Amino acid sequence: MPVPHRWLATILGVAFLLDALITIDASTGGPRGLLVLPGSALLALCAFLGLTRPVVGAVLGCLSLLLSSLLIWGTGAYVQSVGLDHISLSEMISGTVLTVFVVWRATPVAATACTSALVVSCLAAVVLRELAECNVYYYCDVSGQWFVAIATGATARTVVFGFFLLAAAITVGVYLRRTGSQRVETEMSALVRKQWPLAAGLAVVALFELTTMGRGGLVGMFSGVLASVCAFFAPKYPLRNAVLAAALIAGIPLLTTAADQSATLSLTNLAASMALVAYVVRYEPRREAVWAVVALVVGNGIALGIRSSRFLTDSSSVLLLLFLLGVAIVTGWYFRARDRERNQTVRAAVTSAQQGERMALARELHDVVAHHVTGIVVQAQAALLVSEKNPGVAVTALEKIEYSGTEALTAMRTLVGSLRDGTAATADPAATGQATTDLTADLTALVDNYAGPPVALDLDLPDELPHEVGRSVLRLVQESLTNVGKHAPDATEVRVRVARVDGHLHIRVVDDGAQRPVNPAGGSGGYGLVGMRERVELLGGRFEAGPSGYVGWSVEAWLPLLGTQRGKGNT
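Residues numbered from 1 in each chain as written. Predicted model: local features only at pLDDT ≥ 70, side-chain atom pairs only at ≥ 80, totals over all residues. Heavy atoms only, no water.

Colleague: Please set out the overall build of the protein chain residue by residue, giving values where relevant.
Modeller: Across its full length, the protein chain holds 19 helices and 5 strands. Counting over 571 residues, the protein chain shows a buried share of 40%. In the protein chain, the proportion of contacts linking residues at least 24 apart, taken out of those at least 6 apart, comes to 75%. About 30,100 Å² of surface is accessible on the protein chain, with carbon and sulfur atoms providing 65% of the total. (Helix = DSSP H or I, 4+ residues; strand = E, 2+ residues; numbered from the N terminus. Buried < 20%, exposed > 50% of the residue type's maximum accessible area, 1.4 Å probe, protein only. Contact = heavy atoms within 4.5 Å. Areas by Shrake-Rupley, 256 points an atom, 1.4 Å probe, with all protein chains shown as cover.)

Put into structure tokens, the structure is as follows:
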């Protein structure tokens with residue numbers, strides 16, 4: 001199962017589990033309350049289907065929601081709602097996910113129709129389930145049931161919260177649709193791609209907290225949402241976001257008088273604080289990390305003292321908070337150690353590759369070039385010795401010097417081509433990456449002859465491209481595709497983009513492989529990434545390579561298009 005499917009299944013599964021716990025624990029609806037769970041599970045399955053087939057998932061989701069509501073109406077079951085009246089947590093999350101998917105991946109007409117159908121289905125579900133509750137608890141007369149249902153089912157909280165939830169889902173879908181059509185990934189879109197599981201998890205926690213939210217809970221909820229925003233941007237500036245979140249968690253309750261002594265611990269605050277602790281421990285130096293953790297602990301302590309002082313005197317609650325703090329710190333330490341080990345491995349590989357290249361260059365210079373240069377020196381010395389007595393011999397020596405110099409120049413060019421491209425200059429240009437009079441044709445041929453997973457090629461090339469840039473582009477793409485075959489045997493798709501961006505030629509190769517074996521079949525020389533980086537830096541460009549979010553590997557390079565002609569003819 002691909003990683004996005006696993007994350008979505010985890011989020012939907014956790015939401016359904018919370019619904020099950022709430023339903024089983026509740027005594028209001030009795031055994032009939034369990035009739036809500038099959039419909040919630042079916043709608044969650046429709047949301048999972050929507051990841052690949054959004055329109056089908058949305059249509060089936062509407063039918064599932066209506067059938068479940070009819071069942072609840074007929075049996076008089078009671079729904080433990082979260083945020084939206086008479087809508088369970090998993091149903092609300094599944095409907096939101098389906099809205100995001102249809103706006104993101106469906107055509108505009110289909111997205112509009114499916115979104116409208118989901119909204120109408122949700123409103124119908126609220127009305128039908130309010131009728132069920134009215135039948136069981138209020139014994140409304142038949143003529144007034146619909147008016148009571150509409151008046152009480154569509155409460156102000158449901159309307160306002162539903163509107164903002166719909167707006168948020170449409171906004172996320174439009175954003176994903178726009179970023180999917182962009183040729184170059186922006187810094188913000190990269191952050192969203194990496195942080196969306198955390199954002200989704202914090203959103204689920206916040207929605208779950210709405211079930212027991214009082215006035216004091218509203219204050220904690222507001223500070224928790226702001227702290228969650230800080231946690232989302234924490235990879236960019238960990239220390240700054242941690243201190244800001246600590247100030248918000250402690251400051252908002254201090255600035256308000258809405259303290260509710262019956263309020264419990266804010267789960268959103270706690271989850272966001274744990275994420276921030278893990279980030280500062282992972283990325284910041286030890287001293288700054290300690291101060292950030294202390295700030296977060298003090299901030300949460302102040303908020304707890306204001307909202308519910310019993311947490312500070314209950315030993316079991318204190319032990320639970322200390323345990324969660326330890327979990328966050330250990331998580332940060334684990335990722336910090338993993339990052340350090342990965343960096344050490346990369347540095348060792350770079351040093352080893354550079355040493356190997358230096359040794360190979362020394363051998364080539366000694367065996368190929370030095371031979372011809374030595375011949376030139378010997379012939380020149382001989383010509384000097386006999387030039388006055390026998391000019392004819394000197395002329396012959398000069399002819400030999402000219403021949404040896406030509407051979408030395410040819411050997412030097414062959415050596416430079418071999419070192420730059422990793423293959424002999426006489427090899428097939430299409431195979432060696434030594435382009436090219438038509439880079440588009442060469443890239444297309446390279447992709448067509450690639451034996452790995454399917455490749456999606458997206459090109460936007462300038463009309464004129466220097467030969468050294470074209471040669472480097474072809475070599476970068478070829479080496480990246482070779483690495484996919486070696487290190488990502490489970491990859492199902494490779495995306496290749498070569499496009500003009502602000503005076504640069506941007507190259508991006510991304511795969512979706514989840515497993516990367518240490519020792520690929522056939523072995524690995526360890527020079528691929530180093531060679532690509534050196535090639536890009538020789539042209540004054542920038543090179544990046546590393547994991548692509550939570551799955552896959554990406555290789556990116558920016559080659560300047562202006563001033564690339566200056567290095568021509570200087571060999």
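The structure having been displayed, the exposition proceeds.
Colleague: Can you explain helix 11 (residues 267–283)? Please cite residues and give values.
Modeller: For helix 11, with 17 residues, the first-to-last C-alpha span of 24 Å sits near the 24 Å given by 1.5 Å per residue. In terms of burial, helix 11 is largely enclosed, as 13 of its 17 residues are buried. (Expected span 1.5 Å × (residues − 1).)

Colleague: Can you break down the confidence of the model for the protein chain residue by residue, with the values?
Modeller: Summary statistics for the protein chain give a mean pLDDT of 75 and a share of 72% for residues scoring 70 or more. Here residues 136–154 is modelled with pLDDT under 50, and outside its nearest four sequence neighbours on either side it reaches 29 contacts, counting other chains as well. Predicted confidence for residues 423–435 stays below pLDDT 50, and this span has 26 contacts to residues more than four positions away or in other chains. (pLDDT = per-residue confidence, 0-100.)

Colleague: Which residues make up helix 17 (residues 439–448), and what values go with them?
Modeller: Of the residues making up helix 17, those classed as buried are Leu439, Leu443, Leu446 and Val447. In a view along the axis of helix 17, the buried residues occupy a sector of 95°, so they form one face of it. Here helix 17 starts with a cap whose side-chain oxygen sits 3.4 Å from the backbone nitrogen of Thr440, and that cap is Asp438. (Arc of directions from axis to C-beta. Polar contact = N/O pair within 3.5 Å; in protein donor to acceptor, adjacent residues only side chain to side chain.)

Colleague: I'd like to hear about the packing of aromatic side chains, residue by residue, with values.
Modeller: Tallying each qualifying case throughout the model produces 4 aromatic pairs. Each ring, one from Phe232 and one from Phe233, has its centre 5.1 Å from the other, and the planes form 85°; the classification is edge-to-face. The class for Phe233 is partly exposed, based on a relative accessible area of 30%. For the pair Tyr279 and Tyr283, a centre-to-centre distance of 6.2 Å together with 10° between the ring planes defines the contact as stacked. Of this pair, Tyr279 and Tyr283 both sit in helix 11, 4 residues apart, which is roughly one turn of the helix. The class of Tyr279 is buried, set by a relative accessible area of 12%. (Phe/Tyr/Trp six-rings, centres within 6.5 Å; stacked < 30°, edge-to-face > 60°.)

Colleague: Can you explain the side chain of Thr268? Please cite residues and give values.
Modeller: Assignment of secondary structure puts Thr268 in helix 11. Classification of Thr268 by relative accessible area gives buried; the value is 1%. Filtering out sequence-adjacent residues up to four positions away, Thr268 remains in contact with Val205, Ala206, Glu209, Met221, Gly224, Val225 and Ser228.

Colleague: Describe the packing of helix 3 (residues 54–75) against helix 4 (residues 89–105), naming the residues involved and giving the relevant values.
Modeller: Between helix 3 and helix 4, whose axes approach to 9 Å, the crossing angle comes to 155°. On the basis of their axis angle, the class for helix 3 and helix 4 is roughly antiparallel. Helix-helix and strand crossings are classified by hand; for helix 3 and helix 4 the assignment is left-handed. Contacts between helix 3 and helix 4 involve Pro54, Val55, Gly57, Ala58, Gly61, Leu65 and Ser68 from the former and Glu91, Leu98, Phe101, Val102 and Arg105 from the latter. Partitioned by chemical class, the residues of the contact of helix 3 with helix 4 number 7 nonpolar, 3 polar and 2 charged. (Axes fitted to C-alpha atoms, helices over the stretch in contact; angles between N-to-C directions. Parallel < 35°, antiparallel > 145°, perpendicular 65-115°, else oblique. Left-handed = near helix turned anticlockwise from the far one by under 90°. Nonpolar A, V, L, I, M, F, W, Y, C, P; charged D, E, K, R; others polar.)

Colleague: Before we move on, could you go through the pairing of strand 3 (residues 504–511) and cite the residues and values that matter?
Modeller: The element strand 3 is extensively covered by neighbouring structure, given that 7 of its 8 residues are classed as buried. Examined bridge by bridge, strand 2 (residues 494–501) and strand 3 share 8 bridges and lie antiparallel to one another. Its bridge partner lying in strand 3, Ala499 is registered against His506. The antiparallel pairing of strand 2 with strand 3 creates a hairpin that spans 2 residues between the two strands, and Asp502 there sits at a positive phi of about 50°. Relative to strand 5 (residues 553–560), strand 3 runs antiparallel, the two being bridged by 8 bridges. Considered in strand 5, the bridge of Ile507 is made with Ala557. (Pairing = 2+ DSSP bridges.)

Colleague: Which residues make up the pattern of salt bridges, and what values go with them?
Modeller: The tally for this structure, following the rule as stated, stands at 6 salt bridges. Across the pair Arg342 and Asp339 runs a salt bridge, and its minimum N-O distance is 3.2 Å. In this pair, Arg342 and Asp339 are both assigned in helix 14 (residues 315–386), 3 residues apart and thus about one turn of the helix distant. Its relative accessible area of 38% is what places Arg342 among the partly exposed residues. (Salt bridge = Lys/Arg side-chain N within 4 Å of Asp/Glu carboxyl O.)

Colleague: I'd like to hear about the environment of Val159, residue by residue, with values.
Modeller: In this fold, Val159 is placed in helix 7 (residues 156–181). Under the relative-accessibility criterion, Val159 is labelled partly exposed at 47%.

Colleague: Can you lay out the environment of Glu464 for me, pointing to particular residues and giving the numbers?
Modeller: Looking at the element boundaries, Glu464 is found in the loop between strand 1 (455–460) and helix 18 (467–487). Judged by relative accessible area, Glu464 falls into the exposed class, the value being 73%. For Glu464 and Asp438, which are 26 residues apart along the polypeptide, the C-alpha to C-alpha distance reads 9.8 Å.

Colleague: Describe the sheet that holds strand 1, listing the residues and the values that go with them.
Modeller: Strand order in this open sheet of 5 strands is 1-2-3-5-4, and the pairing throughout is mixed. Because the sheet does not close on itself, it has two edges, and the strands there are strand 1 and strand 4 (542–547). Pairs of neighbouring strands in the sheet enclose a mean axial angle of 10°, with direction left out of account. Relative to the sheet, helix 17 contacts strand 1 and strand 2, its axis offset from that of strand 1 by approximately 175°.

Colleague: Before we move on, can you summarise the side chain of Asp19 with the specific residues and values?
Modeller: Mapped onto the elements, Asp19 comes out in helix 1 (residues 3–25). The residues touching Asp19, leaving out its near neighbours within four places in the chain, are Leu37, Ser40, Ser88, Leu89, Ser90 and Glu91.

Colleague: If you had to explain the state of the cysteines to someone new, which residues and values would you point to?
Modeller: Applying the stated rule across the entire model yields 0 disulfides. The thiol of Cys62 is not disulfide-bonded; the next cysteine sulfur, from Cys114, is found 7.2 Å away. A relative accessible area of 8% places Cys62 in the buried class. (Disulfide = S-S within 2.5 Å.)

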